[in-house]
Amino acid sequence: TDHLRNSSKMYALCDVNSMYAACEKVFDPSIRNKPVVVLTNNDGCICAACGIAKRMGVGKKFVPYFQVKKELEAVGAVIRSSNYELYADLSQRMMDTCARFAPDINVYSIDECFLYYGKQASPPSVGWETLATKIRQTVWREVRLPICVGVGPTPTLAKVANHAAKNIEGFKGVAVIDKKDVRKAVLSQMHVTDVWGIGKRLGLRLRLNALGIHTAWELANRDPSQIRKEFSIVVENTVRELNGEVRHSWDTVRAAKKEIYSTRSFGQRITDY
């Protein structure tokens, strides 16, 4: 139950669940309890699906719509075209709401923001979990967007906590990593590729490498300098952050660049001009 170092200086990551689909439900409350799927430009592929659709096993991202149209109709899914003006407007409202709860905010992407509490001399009197719960409830009450809030002493551990809040049973939308036993319990249940910045290729190298790293906890327990020699300073920084040492600054905490494609797809294979 030992506290992690600098646990009074914490980061909170607020992340909307299925952002685009959630925004559609704000715009049209009559579909709030229905499976909702959002399509890309020109209605070519699926780009988002709400939790209800995911639990039904439909709405896998980037699948061409024509391939699963009948499957979606069979479960009564509501189909929406992307409405980026709506998403941007609700995103701004969410960020403004979250900003009221912290000295500093960094908007990471359209559906995520980091709150930084480093300027506080001590933890909030109500406790981190109560504060995180209040942020989540306020965003729902004022913006009607469902969010998860993860709190940790580094940006990476805040991401880890957010993953736990969203995916690990028992956390119910809010998770706080401020004690070593909680950190171990959460990291032990995460695949190494669930860690922020560890993609599939890197995860494969970590598993196949002589180190045999499969879980986030195994990664956290490796010698950072050795990891740097075998991989990179980026992975070394990840290991250090998993152990409570801040290595990221606002300048380095940015979402991955996203590309916009204009594509066309056909309902059947095209074999000649």
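One can find the structure itself at the top, above this paragraph.
Predicted model only: the values in this text are computed from it and were never measured. Residue numbering note: each chain is counted from 1, following its sequence as written. Only residues with pLDDT of 70 or above have their local features reported here, since the model is predicted, and side-chain atom pairs are shown and tallied only from 80 upward, although totals for entire chains, interfaces and linings are computed over all residues. Here the side-chain values reflect all heavy atoms present in the structure, with hydrogen atoms and water set aside.

Moving on, we get to the environment of V174. For helices the rule is a DSSP run of H or I covering at least 4 residues; for strands it is a run of E covering at least 2, with both sets numbered from the N terminus onward. Within the fold, V174 resides in strand β8 (residues 174–176). Taking the C-alpha atoms as reference points, V174 and V151, 23 residues apart in sequence, are found 8.2 Å from one another. Should any heavy atoms of two residues lie within 4.5 Å, those residues are considered in contact. Filtering out sequence-adjacent residues up to four positions away, V174 remains in contact with E129, A132, T133, R136, V149 and A165.

The rule for pairing is simple: two strands pair if DSSP sees at least two bridges between them. The strand order β5-β6-β1-β7-β8 describes an open sheet built from 5 strands, whose pairing is mixed. Across the chains shown, the open sheet's two edge strands, defined by having one partner strand only, are β5 (104–109) and β8. Strand-to-strand twist in this sheet, taken as the mean axis angle between neighbours without regard to direction, amounts to 15°. When strand β7 (residues 147–152) meets β8, the two strands line up parallel, connected through 3 bridges. Looking at the pairing, V149 lines up with V174 of β8. Packing against the sheet, helix α5 (residues 128–143) makes contact with β1 (11–16), β6 (112–116), β7 and β8, and its axis sits at approximately 155° to β7. Simply put, an axis is a line fit to the C-alpha atoms, just over the touching stretch for a helix, and the angle between two N-to-C directions goes from 0 to 180 degrees.

Turning to the sheet that holds strand β3 (residues 46–49), a few remarks are in order. Strand order in the open sheet made by the 3 strands is β3-β2-β4, with mixed pairing throughout. At either end of the open sheet lies a strand with only one pairing partner, and these are β3 and β4 (78–81). Looking at each pair of strands side by side, their axes are set apart by 25° on average, direction ignored. Two elements, strand β2 (residues 36–39) and β3, share 3 bridges in a ladder whose sense is antiparallel. Paired with V37 across the strands is A49, a residue of β3.

Tracing the chain through its elements places T238 in helix α11 (residues 233–242). Relative accessibility decides the category of a residue: with a 1.4 Å probe and only protein chains considered, values under 20% of the type maximum give buried, values over 50% give exposed, and everything between is partly exposed. Assessed through its relative accessible area of 5%, T238 is described here as buried. Excluding anything up to four places from it in sequence, T238 contacts V195, W196 and L219.

Here the focus is the nonpolar core. Definition of nonpolar core: a set of buried residues of the types Ala, Val, Leu, Ile, Met, Phe, Trp, Tyr and Cys, connected through side-chain atoms within 4.5 Å. Counting residues in hydrophobic clusters, the biggest one holds 49 residues, and the most contacted among them are C14, M94, L115, Y117, I135 and L145. The contact partners of I135, leaving out residues within four places of it in the chain, are C14, C98, F101, L115, Y117, I147 and V149. Counting 27 residues, the second-largest nonpolar core is a separate cluster that includes A165, M190, I198 and V235.

In terms of residue burial, α11 counts as a mostly covered element, since 7 of its 10 residues are buried. Inspection of α11 places V235, E236, N237, T238, V239, E241 and L242 among the buried residues, and these make up the whole buried set. Where α11 terminates, the next one or two residues include G244, which has phi positive at roughly 90°.

For any pair of aromatic rings, the description rests on two quantities: the centre-to-centre distance and the angle between the ring planes. In summary, the pairing rule links any two rings of Phe, Tyr or Trp, Trp by its six-membered ring, whose centres are within 6.5 Å, and it sorts them by plane angle into stacked for under 30 degrees, edge-to-face for over 60 and tilted for everything else. A full pass over the atoms with the stated rule returns 8 aromatic pairs. With a centroid separation of 4.3 Å and an interplanar angle of 10°, the aromatic rings of Y20 and Y87 are classed as stacked. Of this pair, Y20 sits in helix α1 (residues 19–27) while Y87 sits in helix α4 (residues 84–99), and the two are 67 residues apart along the sequence. Given the relative accessible area of 0%, Y87 is considered buried. Residues Y84 and Y87 carry aromatic rings whose centres are separated by 5.9 Å and whose planes lie at 90° to one another, so their mutual orientation is edge-to-face.

Positioned with a positive phi, F62 is a non-glycine residue whose angle comes to about 70°. Mapped onto the elements, F62 comes out in the loop between α2 (51–55) and α3 (65–74). Of note in this structure, K172 is not a glycine but carries a positive phi near 55°. In this structure, K172 sits in the loop between α6 (155–167) and β8.

In this section: the pairing of β6. A large share of β6 lies buried, amounting to 4 of its 5 residues. Where β1 lies against β6, 5 bridges are found, and the strand directions are antiparallel. What sits directly across from Y11, in β6, is Y116.

Let's shift gears to helix α7 (residues 180–188). What α7 keeps buried is the set R183, V186 and L187. Within α7, the buried residues cover an arc of 95° as seen down the axis, which keeps them to one side. Buried residues belonging to α7 abut α6, α9 (216–220) and α11. Working note: the arc is built from the helix axis to C-beta atom directions.

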